[in-house]
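Given next are the chains, with one letter for each unit.
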Amino acid sequence: MNKVILMGRLTRNPDVRYSQGEKATCVARYTLAVNRRFRREGDQDADFINCVAFGRQGEFAEKYLKQGTKIVISGRIQTGSYTNRDGIKVYTTDVVVEEQDFAESKAAAANYSGGYQQNSYQSAPAPAPEPQPTMTSRPAPSEAVSDGFMTIPEGIEEELPFI
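Given the structure is predicted, the values throughout are model-derived calculations rather than measurements.

A. Summary view of the pattern of salt bridges. Under the definition given, this model contains six salt bridges. Among the ionic pairs, Arg9 bridges to Glu104, the shortest N-O distance being 2.9 Å. Note that Arg9 is positioned in strand β1 (residues 4-10) and Glu104 in the loop between β6 (89-102) and α2 (106-111), a separation of 95 residues in sequence. Residue classification places Arg9 among the buried residues on the basis of a relative accessible area of 10%. Residue classification places Glu104 among the buried positions, given a relative accessible area of 13%. Here Arg76 makes a salt bridge to Glu98, at a shortest N to O gap of 4.0 Å.

Now the structure itself:
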């Protein structure tokens, strides 16, 4: 099975083009900066994933997506290759977008001040560490992050019996 689900922010506005012919198809290309959950010293904070959306998905990207927008996509990985102008074979890996949705509210997006560029990733400041709840406690509303989602505490997987 070839299925990918990613959440990240667009590093730049989508590059949108239309195919030639009677039935011109929209093709939108963009790069998602996807935060790494764990990283070693000296590693990047994020991975930069190339995505391509065709047809209606491409039109959606053209109309609604812009640099810094946080989205969730699902799709499939597609590899390919081509020979560049210097005669060197270049291999490509893209995620072909099948679904894409916003991952934050407009208010949270308006408060976002981080910037993404392909080679200089700048992350938003990390929230203060959350206290570790037990399995019987429920997080207080004050523990919610400004975008309306609660931060999942570290180590919670160890307490769950079915993982």
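B. A look at the packing of aromatic side chains. A full pass over the atoms with the stated rule returns two aromatic pairs. Ring geometry for Phe60 and Tyr64: centres 5.0 Å apart, planes at 45°, overall tilted. With Phe60 and Tyr64 both in helix α1 (residues 55-64) and four residues apart, the pair spans about one turn of that helix. Assessed through its relative accessible area of 44%, Tyr64 is described here as partly exposed.

C. Up close: α1. Looking only at α1, the buried set comprises Gly55, Gly58 and Ala61. Each buried residue of α1 lies within a common arc of 120° when the element is viewed along its axis, so the set occupies one face. Exposed and oriented more than 90 degrees from the buried face of α1 are Arg56 and Lys63. On its buried side, α1 packs onto β3 (26-35), β4 (46-54) and β6.

D. Region of interest: the layout of surface pockets. In this structure, the second largest pocket spans a volume of roughly 320 Å³. Around the second largest pocket, the lining is made up of 14 residues, and of these Lys66, Thr69, Glu104, Lys106 and Ala109 lie nearest the centre. It is α2 that contributes the most residues to the lining of the second largest pocket, three residues altogether. Taken together, the residues of the lining of the second largest pocket break down into five nonpolar, four polar and five charged.

E. Just the confidence of the model for the protein, in detail. Put simply, the protein has an average pLDDT of 79, and 69% of its residues get 70 or more. The low-confidence segment residues 116-145 (pLDDT under 50) makes 40 contacts with residues lying over four places distant or belonging to another chain.

F. Layout of the pairing of β3. Among the ten residues of β3, eight are classified as buried, and the element is accordingly described as predominantly covered. In the sheet, strand β2 (residues 15-18) pairs with β3 via four bridges, with the strands oriented antiparallel. Note that in β3 the partner of Tyr18 across the bridge is Cys26. Of the strand pairs in this sheet, β3 and β4 are connected by nine bridges, and their pairing is antiparallel. When the sheet's bridge partners are listed, Val27 is paired in β4 with Phe54.

Reading the values: rules and limits
- Residues numbered from 1 in each chain as written.
- Predicted model: local features only at pLDDT ≥ 70, side-chain atom pairs only at ≥ 80, totals over all residues.
- Heavy atoms only, no water.
- Salt bridge = Lys/Arg side-chain N within 4 Å of Asp/Glu carboxyl O.
- Helix = DSSP H or I, 4+ residues; strand = E, 2+ residues; numbered from the N terminus.
- Buried < 20%, exposed > 50% of the residue type's maximum accessible area, 1.4 Å probe, protein only.
- Phe/Tyr/Trp six-rings, centres within 6.5 Å; stacked < 30°, edge-to-face > 60°.
- Arc of directions from axis to C-beta.
- Contact = heavy atoms within 4.5 Å.
- 1 Å grid on protein atoms, 1.4 Å probe; cavity = no way out; pocket = protein on both sides within 12 Å on 5 of 7 lines; lining within 4 Å.
- Points joined across faces, edges and corners; volume = space filled by probe spheres on them.
- Nonpolar A, V, L, I, M, F, W, Y, C, P; charged D, E, K, R; others polar.
- pLDDT = per-residue confidence, 0-100.
- Pairing = 2+ DSSP bridges.

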